[in-house]
Amino acid sequence: MEGGWHMPDSAVRDASTSAAPAVIEGFPAEQVLGFLREMLVYRRFEQKAEEAYAIGKIGGFCHLHTGQEGVALGFVGPLRPDDYAISAYREHTLALAKGISARAAMAELYGRAGGCSGGKGGSMHLFSAKHNFMGGWGIVGGQIPLATGFAWASRYRGEDRVCVCFLGDAAVNQGSFHESLNMAAIWKLPVIYVVENNGYGMGTAFNRVTTTPMVEKSRAHGIPAHYVDGQDVLAVWRLMEDLLDRVRDGAGPQFVDAETYRFKGHSMSDPVSGTYRSKEEVESRVREDDPIAHLRDLLIQSGHLTRESLERMDEEVRELVEDAADFADRSPLPPEDSLHEFVYSDMDVHGRLFFDGRGG
C-alpha cells in the first residue's frame, strides 16, 4: 500500500480472527478497527489534497497533517458534539475528526461554495459553527486567546462544555500563550491546551529557541502538564478521556505536550526535509513512528486484521475521498455578490451570535 506503510507478509500469514480477543489494550476491538479506518480517512484525504495542490486545484497555502493522525483522532474523538475545538492552520484532519464532512472540507480547500466556510477560507480556515469547530487560524498563537474565550463563555453560562485548543510548538513562545494560560488558571476555565509538538516551528528546531522543556511550559501558571506519545492513538484517547472528566469536574485548565512528527514539509511550498532536517531523519521517523502502522500492527497481532480486510477498508476510504474531490470539482465558485456576507454577525440582546449554520 502507498503512503509510507504497507502490510508485512509475515504478519498477514500469522493473522487469524478465529480466537481474536474482544478487547485490545482496554478498548473494544471493533472500536480499534474504527480508529484505524478513521485515521486512514485522514491520511488519504491529505494525500488527495497534496495531489490537488500539485495540479493547481488548490491554491494559496496548504499545510498537511500527514503523520499526526493519532493526535487528531485521539484528542478530538472523545469530545462531545457540543464541546469546542480550535486550531492553527494545520487543521484538515482535526476538522474531519470534529465532524465536518470530507466533501465540505475538500470543497473548502478548492475554494468552492460547497465548502464549510463557503469557499472563502481555504486550507487554513476551515470552520463549522454546527460542529463547534471554531476554525483554523493563520496567525501563530492567535487561536489561544479565542479558545480561552470559548472556555470562559462556557463557565459564564454554567455549562460543562470543554474547549480543546491545538497549537504548534512555536506558539508557546508567544505572549498570547502566557496571557491566555494566566487567565485560564485564575478563572479555572474548562480548556485543554494541546501542543502538537512535532519538533519544528516551520524550519527551526524547538530546542534552538528555548531552554525549557515543552512539558514545563505551563508550570509558571500552575496548570497541570501531561506528556503523551502522539503517535499512539490509544494512549492519546485514554489521556483525553481522563482530562475531560477532570475538567468537567472543575479541575480547571490542562496542558498537554503531545509528541508527534509531520511527515511532510511545513507547507506545500516546503520540501519534505529541506535544509533543516535530513532525509535520513524523515525516512527514519516515517518508517518507525507512523501512527497508522502502529495501530495496524496491533490489530494484526491481536488477530483482527488481514490483508484482505485492510484492502477492503482502504478501498472504501479511497472511494470516500474520491467522492469528496469530485464534489469539490462540481461545486461552483462563490458568487461575487457573496463577498461581504458573514463579515459581521448580528447579535441578540444577550450577546449571542447568529450563524448561518454552515459546516458540511
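On a predicted model such as this, the values are computed, not experimentally measured, just so you know. (Residues numbered from 1 in each chain as written. Predicted model: local features only at pLDDT ≥ 70, side-chain atom pairs only at ≥ 80, totals over all residues. Heavy atoms only, no water.)

1. Considering the overall build of the protein
- Summing up its helical and strand segments, the protein has 11 helices and 10 strands in all.
- The proportion of buried residues among the 360 residues of the protein is 52%.
- Sequence separation of at least 24 residues holds for 76% of the intrachain contacts in the protein that already meet a minimum separation of 6.
- Of the accessible surface of the protein, which amounts to about 16,000 Å², a share of 53% is contributed by carbon and sulfur atoms. (Helix = DSSP H or I, 4+ residues; strand = E, 2+ residues; numbered from the N terminus. Buried < 20%, exposed > 50% of the residue type's maximum accessible area, 1.4 Å probe, protein only. Contact = heavy atoms within 4.5 Å. Areas by Shrake-Rupley, 256 points an atom, 1.4 Å probe, with all protein chains shown as cover.)

2. Some details on the nonpolar core
- By size, the foremost hydrophobic cluster in this structure holds 69 residues, and its most contacted members are Phe-75, Ile-192, Val-256 and Leu-295.
- Broken down by element, this core gets its largest block of residues, 12 residues, from helix α2 (residues 29–54).
- Ignoring anything within four residues of it in the chain, the contact list for Leu-295 reads Val-32, Phe-35, Leu-36, Met-39, Val-233 and Leu-234.
- Core analysis: the second largest hydrophobic core is formed by 22 residues, Tyr-84, Met-134, Cys-165 and Tyr-193 among them. (Core = buried A, V, L, I, M, F, W, Y, C linked by side-chain atoms within 4.5 Å.)

3. Quick look at the sheet that holds strand β6 (residues 191–197)
- With parallel pairing, 6 strands are arranged side by side in an open sheet as β4-β3-β5-β6-β10-β9. Two strands in the sheet have a free side with no partner beyond their single neighbour: β4 (133–136) and β9 (225–229). Neighbour to neighbour, the strand axes of the sheet diverge by 15° on average, direction disregarded.
- Bridge analysis of strand β3 (residues 84–87) against strand β5 (residues 163–168) gives 3 bridges, and the strand direction is parallel. Bridged to Ile-86 within β5 is Cys-165.
- Helix α7 (residues 175–187) rests against β5, β6 and β10 (254–259) of the sheet, and its axis sits at about 150° to β6. (Pairing = 2+ DSSP bridges. Axes fitted to C-alpha atoms, helices over the stretch in contact; angles between N-to-C directions.)

4. Re unusual backbone geometry
- In this model, Glu-25 sits at a positive phi of 50°, which is unusual for a non-glycine residue.
- Along the polypeptide, Glu-25 turns up in the loop between β1 (23–24) and β2 (27–28).
- Its relative accessible area of 45% is what places Glu-25 among the partly exposed residues.

5. Brief notes about a nonpolar patch on the surface
- Together, Trp-152, Tyr-156, Met-183, Ile-186 and Trp-187 give the surface a local cluster of nonpolar side chains, amounting to about 610 Å² of exposed area.
- Looking at the nonpolar patch, the elements that each hand over two or more residues are α6 (143–156) and α7.
- Here the nonpolar patch takes 3 residues from α7, the largest share from any one element.
- In this fold, Ile-186 is placed in helix α7.
- By relative accessible area, which is 57% here, Ile-186 ends up exposed. (Patch = residues over 30% accessible without salt bridge, like charges linked within 9 Å, V, L, I, M, F, W, Y side chains within 5 Å. Salt bridge = Lys/Arg side-chain N within 4 Å of Asp/Glu carboxyl O.)

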